[in-house]
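# Structural description and commentary
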Amino acid sequence: MKLWSGRFSANTNELLDEFNASIEFDKNLWREDILGSKEHAKMLHAIGILSKNDLDSIQKGLDSIYKEIENGEFKGFVTQNEDIHMAIESSLSERIGEAGKRLHTARSRNDQVALDFTLYCRNQNLILQGLLKELMTTLLNIAEQHTATLMPGMTHLQHAQPISFGYHLVAWCAGFKRDIIRLQNSYDLSSECPLGSAALAGTPYNNERENLARELGFKCASLNAMDSVGSRDFALDLLYNIAMVMLHISRVAEELIIWSSAEFNFVTFSDTFSTGSSIMPQKKNPDVAELLRGKSGRTFGNLMALLTTMKALPYAYNKDMQEDKEGVFDSINTSFISLKILNASLKELKINTQNMLKMCQKGHLVATDLADFLVTEVGIPFRVAHHIVGSCVAFAESRGVDLSVIDISVLLPFLRKEIVESRALDSKDSKFSATLQNLDSNVVSKDSKKTNLDSILDSKTLKKVLDLNESMKRRTSKGGTAPKETKQQIKTLQKWLKQL
């Protein structure tokens, strides 16, 4: 007989039993269910519902069930028990008799499952934070070794400006830091205890909900019983947070896939984290990264599934909400294994620094540096400087070389000519027009003093402007790629992680 079968005259259809039961997946909540029951029993004893003997029997019975489940010896995970709550309560009553039947006083499976699931999500939240912390630590350790390792920074997957490999890894860490903060926030949002709300309207018992909440590790009891049993915000928050973690992991995986290709060859996965082809003997595939990229989709789907389930439900508990758990369990398991394997594979990743440097010598990464130089040292408006440098890029390409390695003696006269010819582009700018008019007299400088243009735009200076390392070092603004600034970013993140 089912615990709720008193008003029924016939047994439920076996097909309904199978369709209705959640025991196959909500048995994952057994630890939380036993914990909640033990604290609930203490409360019932405190308000006079349970005798001391009843309380002791319940606690011992629950302890024995705990050990059996932990050892794989528990026999109560069967369809007839429907869910984890009935499985444990039925087994308890079989063991200790009447005392076990008193345990459900002042609670419902509605608030019981809300408690179990909230506790579970809170516990997994903390584990997830720990795994993210481990991943960030690994990334920052690698970044520390590469604050001066040049690589091409890209936008639109096109070469843009020189950055360091360490700086790029710090960018990954910035996203993972936000993931941890989101998890911290959702942990705080789930700090109200639903136990004692009963079915939807509270109970007539003086069930000391605030004390119960504190004993279970919550900040306080929930405000409204109907909301407590009818909300799954805590699960949705966790699903969203996991989706964001997996989004960031997927973007990292995408870059690792690109970087490990023959065309880039920036990194090489170790043999222990690579796979081969069943037909092509030479293949070494980045399957770890590809799977990481692919698994993000299932976590997005789990989030959307629960949003869809909850979107039209009337308040209080509805059976639809039984669909809340499997997606959460799946997303949690997916995120855990993803973080673990990404962390492990990164520790064995080979960084091909020479190939990174070679790729920096393509795409004219120092073009913006030349434009900035014309602005700050020669006094040319940026838009005009932009046009001049664009002409220099075209000139370099016509000679089949990159700006960073072009013969300075060839570029210098061309650049000077472009400055002179750009006079018509900005004739309305009186300051710049005067500058151009005085070029023949070599009168121009950022501080308006007369000086020789050649002393500003000489071969030594221009070579330094177009040097890749110097370009990276110049970007000292907060958040920039200069080695000194990157080291500070790493230090800031490491300090933040220690304070978690």
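Parameters at a glance
- Residues numbered from 1 in each chain as written.
- Predicted model: local features only at pLDDT ≥ 70, side-chain atom pairs only at ≥ 80, totals over all residues.
- Heavy atoms only, no water.
- UniProt positions renumbered as here; feature names shortened; annotations may be inferred.
- Helix = DSSP H or I, 4+ residues; strand = E, 2+ residues; numbered from the N terminus.
- Rg over C-alpha atoms; globule rule 2.2 N^0.38 Å.
- Buried < 20%, exposed > 50% of the residue type's maximum accessible area, 1.4 Å probe, protein only.
- Contact = heavy atoms within 4.5 Å.
- Areas by Shrake-Rupley, 256 points an atom, 1.4 Å probe, with all protein chains shown as cover.
- 1 Å grid on protein atoms, 1.4 Å probe; cavity = no way out; pocket = protein on both sides within 12 Å on 5 of 7 lines; lining within 4 Å.
- Points joined across faces, edges and corners; volume = space filled by probe spheres on them.
- Nonpolar A, V, L, I, M, F, W, Y, C, P; charged D, E, K, R; others polar.
- Domains from an automatic or database assignment.
- Buried area = accessible area lost by both parts, 1.4 Å probe.
- Salt bridge = Lys/Arg side-chain N within 4 Å of Asp/Glu carboxyl O.
- Polar contact = N/O pair within 3.5 Å; in protein donor to acceptor, adjacent residues only side chain to side chain.
- Phe/Tyr/Trp six-rings, centres within 6.5 Å; stacked < 30°, edge-to-face > 60°.
- Lys NZ or Arg CZ within 6 Å of the ring centre and 35° of its normal.
- Patch = residues over 30% accessible without salt bridge, like charges linked within 9 Å, V, L, I, M, F, W, Y side chains within 5 Å.

The chain has the name Argininosuccinate lyase in an unreviewed UniProt entry, where Helicobacter saguini is given as its organism. Its UniProt record, at the heading Subcellular location (unreviewed entry), says of the chain: "Cytoplasm". Checking UniProt for the chain, the heading Sequence similarities (unreviewed entry) contains the comment "Belongs to the lyase 1 family. Argininosuccinate lyase subfamily."

## Describing the overall build of the chain
Scanning the chain for helices and strands turns up 22 helices and six strands. Here the chain has a C-alpha radius of gyration of 33 Å; the compact-globule value for 500 residues is 23 Å, and the former is much larger. Counting only C-alpha atoms and orienting by the principal axes, one finds that the chain spans roughly 105 × 55 × 40 Å. Here the chain holds 500 residues, and 50% of them are scored as buried. Taking the contacts inside the chain whose residues are at least 6 apart along the sequence as the reference set, 75% of them involve residues at least 24 apart. Roughly 24900 Å² of accessible area belongs to the chain as shown, and the carbon and sulfur atoms make up 51% of that amount.

## Quick look at empty space enclosed by the protein
Under the counting rule described, the total for this entry stands at two cavities of 30 Å³ or more. Its boundaries defined by the atoms lining it, the largest cavity holds a volume of some 60 Å³. Taken together, T118, C121, R122, N125, S186, S190, F234, D237 and L238 make up the lining of the largest cavity. Contributions of two or more residues to the lining of the largest cavity are made by α7 (109-144) and α11 (233-259). Here the lining of the largest cavity gets four residues from one element, more than from any other, and that element is α7. Grouping the amino acids of the lining of the largest cavity by side-chain chemistry returns three nonpolar, four polar and two charged. In terms of lining residues, the second largest cavity is bounded by I142, F165, L169, W172, L256, W259, L346, L349 and I351. Among the secondary structure elements, those contributing two or more residues to the lining of the second largest cavity are α8 (165-189) and α11. Here the element with the most residues in the lining of the second largest cavity is α8; it accounts for three residues.

## Examining the UniProt feature "domain: Argininosuccinate lyase C-terminal" (unreviewed entry) in the chain
The feature "domain: Argininosuccinate lyase C-terminal" (unreviewed entry), as given by UniProt, occupies residues 365-412 in the numbering adopted here. Note that residues 365-412 is 67% helix and 0% strand, and that its end C-alpha atoms are spaced 18 Å apart.

## Concerning the layout of surface pockets
Counted as a void, the largest pocket has a volume near 510 Å³. Along its surface, the largest pocket is lined by 24 residues, and H168, A171, W172, R251 and E255 are the ones closest to its centre. Among the secondary structure elements, those contributing two or more residues to the lining of the largest pocket are β1 (150-155), α8 and α11. A class-by-class count of the residues in the lining of the largest pocket yields 14 nonpolar, six polar and four charged. Estimated volume of the second largest pocket: approximately 340 Å³. Considering the residues around the second largest pocket, the lining is formed by 17 residues, among which L189, E192, D227, S231 and F234 are closest to the centre. Of all elements in the fold, only α7, β3 (192-193), α10 (225-230) and α11 reach the threshold of two or more residues within the lining of the second largest pocket. Broken down by element, the residue count for the lining of the second largest pocket peaks at three residues, all from α11. Within the lining of the second largest pocket, the residues separate by chemical class into six nonpolar, seven polar and four charged.

## A look at the domain arrangement of the chain
The assigned domain composition of the chain is domain 1 (14-102), domain 2 (109-355) and domain 3 (360-427 + 452-499). Distance between the C-alpha centres of domain 2 and domain 3: 40 Å. Across the boundary between the two partners, domain 2 contributes 26 residues, which contact 22 residues of domain 3. A combined buried area of about 2100 Å² lies between domain 2 and domain 3, and 71% of that area is made up of carbon and sulfur atoms. If you sort the residues of domain 2 by the area they bury against domain 3, T147, P162 and Y167 come out on top, with a joint share of 28%. Along the contact surface separating domain 2 from domain 3 lie zero salt bridges. Where domain 2 meets domain 3, there are six residue pairs in polar contact (both at pLDDT 80 or more). At the level of elements, α7, β1, β2 (158-164) and α8 are the ones that each hand at least two residues to the side of domain 2 that touches domain 3. Looking at the side of domain 2 that touches domain 3 residue by residue, the classes come out as 15 nonpolar, eight polar and three charged.

## Remarks on the packing of aromatic side chains
For the structure shown, the criterion picks out 10 aromatic pairs. When the ring of F395 is compared with that of F414, the centres are 4.2 Å apart and the planes differ by 10 degrees; the resulting orientation is stacked. Separated by 19 residues along the polypeptide, F395 in helix α16 (residues 382-398) and F414 in helix α17 (residues 408-421) bring together distant segments of the chain. With respect to class, F395 is no different from F414; both count as buried. K177 extends its terminal NZ or CZ atom over the ring of W496, reaching a point 5.2 Å from the ring centre.

## Focus on a nonpolar patch on the surface
On the surface, a nonpolar cluster with roughly 310 Å² of combined accessible area is contributed by L200, M226 and Y315. Structurally, Y315 can be placed in the loop between α12 (287-310) and α13 (325-347). Using a relative accessible area of 61% as the deciding quantity, one classes Y315 as exposed.

## Here's the deal with the environment of E39
One can find E39 in helix α3 (residues 30-46). Along the backbone, E39 and N211 are 172 residues apart, and their C-alpha atoms lie at a distance of 9.9 Å. Those residues within four positions of E39 in sequence are excluded, and the remaining contacts are L212, E215 and L216. Here K42 takes part through its side chain, which lies 3.3 Å from a polar atom of the side chain of E39.

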